[in-house]
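Fold and geometry: a report
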Amino acid sequence: MSDLKTVVLNDVHQQLGAKMVPFAGYNMPVRYSSDLDEHHTVRRAVGIFDVSHMGEFRVRGPRALDLIQHVTSNDASKLADGKAQYSCLPNEDGGIVDDLLVYKMADEDYMLVVNASNIEKDWNWIQRHNVAYGAEMENISDQTSLFAVQGPKAAEALQPLTDVDLASIPYYSFVQGTFAGHPNVIISATGYTGAGGFELYIPNEAAVDIWNRILEAGKPFGLKPIGLGARDTLRLEMGFCLYGNDIDDATSPLEGGLGWITKFTKDFVNSQELAKQKEQGVTRKLVGFLMDGPGIPRAHYELVDENGNPVGEVTSGTQSPSLSKGIGLGYVKTELSKPGSKIFVQVRGKNLPATVTKLPFVKGTEE
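These numbers were taken from a predicted model, which means no experiment stands behind them. Note that residues are indexed from 1 along each chain, following the sequence as it is written. With the structure being a predicted model, the display of local features is reserved for residues of pLDDT at least 70 and the display and counting of side-chain atom pairs for 80 or more, all residues being used for whole-chain, interface and lining totals. Note that water and hydrogens are dropped before the side-chain values are worked out from all heavy atoms of the structure.

1. As for the UniProt feature "binding site: substrate" (unreviewed entry) in the protein
UniProt positions are given in the numbering used here, feature names are shortened, and annotations may be inferred rather than shown by experiment. Within this structure's numbering, the places UniProt gives as "binding site: substrate" (unreviewed entry) are Glu199. Counting through the fold element by element, glutamate 199 comes out in strand 13 (residues 197–203). Relative accessible area decides the class of each residue, using a 1.4 Å probe on protein chains only: under 20% of the type maximum gives buried, over 50% gives exposed, and in between gives partly exposed. Classification of glutamate 199 as buried rests on a relative accessible area of 7%. Contact between two residues is taken to exist if any of their heavy atoms lie within 4.5 Å; hydrogens are not considered. Setting aside its immediate chain neighbours within four residues, glutamate 199 contacts Leu101, Tyr103, Leu146, Phe147, Ala148, Ile186, Ile187, Ser188, Thr190 and Gly191. Numbering of helices and strands starts at the N terminus; helices are DSSP runs of H or I of at least 4 residues and strands are runs of E of at least 2.

2. Side note on the packing of aromatic side chains
Aromatic contacts are taken between Phe, Tyr and Trp rings whose centres are within 6.5 Å, Trp giving its six-membered ring; a plane angle under 30 degrees counts as stacked, one over 60 as edge-to-face, and the others as tilted. The full count for this structure, using the stated rule, is eight aromatic pairs. Judged by centre distance (4.9 Å) and plane angle (85°), the rings of tyrosine 171 and tyrosine 172 are edge-to-face. For tyrosine 171, a relative accessible area of 59% gives the class exposed. Judged by relative accessible area, tyrosine 172 falls into the partly exposed class, the value being 21%. Within the aromatic cluster, the residues linked to one another by ring pairs are Tyr103, Phe174 and Tyr201. The positively charged end of arginine 284 is found above the aromatic ring belonging to tyrosine 331, 4.4 Å away from the centroid. By the criterion adopted, a ring carries a charge over it if an Arg CZ or a Lys NZ lies within 6 Å of its centre and within 35 degrees of its normal.

3. Structural notes on the packing of helix 3 (residues 64–71) against helix 4 (residues 119–130)
The description of two packed helices rests on the angle between their axes and on the distance between the axes. With their axes 10 Å apart at the nearest point, helix 3 and helix 4 run at an angle of 120° to one another. Pair helix 3 / helix 4 crosses with right-handed handedness. Facing helix 3, whose interface residues are Leu67, His70 and Val71, helix 4 presents Ile126, His129 and Asn130. Considering only residue class, the contact of helix 3 with helix 4 consists of three nonpolar, three polar and no charged. Only the stretch in contact is used when a helix axis is fitted, and all axes are lines through C-alpha atoms; the angle between N-to-C directions ranges over 0 to 180 degrees. Helix crossings are classified by the rotation of the near helix relative to the far one: an anticlockwise turn of less than a right angle makes the crossing left-handed, while a clockwise turn makes it right-handed. Gly is put with the polar residues, along with every residue not named as nonpolar or charged; the nonpolar set is Ala, Val, Leu, Ile, Met, Phe, Trp, Tyr, Cys and Pro, and the charged set is Asp, Glu, Lys and Arg.

4. Some points on the environment of valine 97
Turning to its location among the elements, valine 97 is positioned in strand 7 (residues 96–106). Counting along the chain gives 25 residues from valine 97 to threonine 72, while the straight-line C-alpha distance between them is 10.0 Å. Apart from residues lying up to four places away in sequence, valine 97 is in contact with Leu89, Pro90, Asn91, Asn118, Lys121, Asp122, Trp125, Tyr243 and Asp249.

5. So, the packing of helix 2 (residues 35–44) against helix 7 (residues 228–237)
Between helix 2 and helix 7, the shortest axis-to-axis distance is 8 Å and the interhelical angle comes to 55°. In terms of axis orientation, helix 2 runs oblique to helix 7. Considering how the two elements wind past one another, helix 2 and helix 7 form a crossing that is right-handed. For the pair formed by helix 2 and helix 7, the contact residues are Asp35, Glu38, His39, Val42 and Arg43 on the first element and Gly229, Ala230, Thr233, Leu234 and Glu237 on the second. Here the residues of the contact of helix 2 with helix 7 are counted per class, giving three nonpolar, three polar and four charged. Roughly parallel means an angle under 35 degrees; roughly antiparallel, over 145; roughly perpendicular, 65 to 115; everything else is oblique.

6. Concerning the UniProt feature "domain: GCVT N-terminal" (unreviewed entry) in the protein
Here the UniProt feature "domain: GCVT N-terminal" (unreviewed entry) sits at residues 10–266. End C-alpha to end C-alpha, residues 10–266 measures 43 Å, and it is 26% helix and 31% strand.

7. Considering helix 3
Within the sequence span of helix 3, burial applies to Ala64, Leu67, Ile68, Gln69 and Val71. Of the surrounding elements, those touching the buried residues of helix 3 are strand 5 (55–60), strand 6 (83–90), strand 7, strand 8 (109–114), helix 4 and strand 9 (136–139).

8. Quick notes on the pattern of salt bridges
One speaks of a salt bridge when a side-chain nitrogen belonging to Lys or Arg is within 4 Å of a carboxyl oxygen belonging to Asp or Glu. In this structure the tally under the stated criterion is 18 salt bridges. Across the pair lysine 224 and aspartate 37 runs a salt bridge, and its minimum N-O distance is 3.1 Å. Of this pair, lysine 224 sits in strand 14 (residues 224–225) while aspartate 37 is found in helix 2, placing the two residues 187 residues apart along the sequence. Taking the relative accessible area as the measure of exposure, lysine 224 reaches 32% and is therefore partly exposed. On the basis of relative accessibility, which here comes to 29%, the residue aspartate 37 falls in the partly exposed class. Put simply, aspartate 232 and arginine 235 hold a salt bridge, and the shortest N to O gap is 2.9 Å. Of this pair, aspartate 232 and arginine 235 both sit in helix 7, separated by three residues, roughly a single helical turn. By relative accessible area, which is 29% here, aspartate 232 ends up partly exposed. Assessed through its relative accessible area of 1%, arginine 235 is described here as buried. It is possible to trace a salt-bridge network through shared partners that takes in Arg58, Arg60, Asp109, Glu136 and Glu138.

9. Some remarks on the sheet that holds strand 10 (residues 144–150)
With mixed pairing, the six strands of this open sheet are ordered in space as 11-12-13-10-4-14. Each having just a single partner strand, strand 11 (174–179) and strand 14 make up the two edges of the open sheet. Two strands make a pair as long as DSSP finds a minimum of two bridges between them. The sheet contact formed by strand 4 (residues 47–50) and strand 14 spans two bridges and is parallel. Within strand 14, the position partnered with isoleucine 48 by the bridge is proline 225.

10. Here we look at the pairing of strand 4
Here strand 4 shows no split at all, with Gly47 and Phe49 on one side and Ile48 and Asp50 on the other all buried. The pairing of strand 4 with strand 10 spans four bridges and is classified as antiparallel. Note that in strand 10 the partner of aspartate 50 across the bridge is phenylalanine 147.

11. Quick notes on the sheet that holds strand 7
Strand order in the open sheet formed by five strands is 6-7-8-5-9, with antiparallel pairing between adjacent strands. Two strands bound the open sheet, and with one partner strand each, they are strand 6 and strand 9. Neighbour-to-neighbour, the strand axes of the sheet open up by a mean angle of 25°, direction not taken into account. Alignment of strand 7 against strand 8, held across six bridges, turns out to be antiparallel. Counterpart to leucine 101 in the pairing with strand 8 is valine 113. Packed on one face of the sheet, helix 4 meets strand 5, strand 6, strand 7, strand 8 and strand 9 and runs near 170° to strand 9.

Spelled out as structure tokens, the structure:
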């Protein structure tokens with residue numbers, strides 16, 4: 001018997017012809033047509049992803065913010081109602097428990113959105129620290145579906161389904177309203193593709209109807225269902241980290257390029273050690289690199305310098321559909337982390353040249 005969990009739309013995806021694969025403990029659609037076609041659909045028009053495997057926790061009460069401030073690296077006290085923030089959960093050993101989004105629903109009421117593979121780990125971690133705060137915590141992951149409608153035509157495609165003025169929602173802001181006739185849908189101007197669009201948090205009982213209504217409303221705009229294969233190439237072109245690949249329990253937020261969400265204006269888990277690390281400087285950094293010629297970098301390929309000495313490892317790599325070139329993320333020694341630095345990727349016994357480059361690799365949309 002399979003221990004795989006299923007999302008509410010599992011049967012719908014199969015009826016749409018999706019290839020289903022195990023991902024983060026769930027049976028998930030990896031593609032419906034081809035990764036290339038789905039990637040370009042999101043960059044040029046609009047696509048819909050079912051990412052209901054993600055986890056959602058509600059944290060409420062007078063000390064909810066104190067708990068969040070303690071366990072996350074970013075400064076959640078800066079959040080106004082209706083705003084979201086990217087953050088991470090540092091561990092006590094200098095690494096990262098998970099990266100996440102923090103939503104401020106109202107005073108004393110927050111929602112945390114965590115990675116599917118880490119739901120139980122994150123819940124236990126936050127609960128452990130909550131002993132000192134006594135915030136009310138509720139795991140709503142199993143009652144919540146999440147759709148990401150991404151691409152330059154996302155607002156136009158979705159607008160007929162709601163009275164909320166979608167074009168007026170700023171980036172990393174959200175509105176709770178009626179969508180496709182269903183109340184209490186969170187419409188969030190966030191996403192993991194860089195192509196613009198929205199993420200919709202939906203009660204499970206409304207999920208199938210809303211999915212079908214979006215597919216119908218999106219037809220004139222070329223909207224298609226998109227699988228996790230294209231989600232990965234889209235996020236990699238933007239240089240967005242994937243937990244378990246580019247950041248994990250052993251990578252520091254400062255090494256992983258997440259210094260911008262690590263705020264030393266407050267105390268948080270391991271903040272003193274991380275502040276010391278910032279002062280002393282890190283010995284390795286996560287960088288983006290572009291292959292100079294043919295060759296596709298893959299996770300765990302070794303990175304070497306011009307003399308063949310090991311300098312790091314690829315954490316994520318692919319053939320960029322937008323650039324038709326190999327791109328990757330990887331940790332290298334700090335002295336090789338500046339844009340323009342030359343490194344080599346070991347591919348099948350050959351050292352193939354690559355150049356460290358500024359992120360993102362591409363603009364979020366294709367002209």
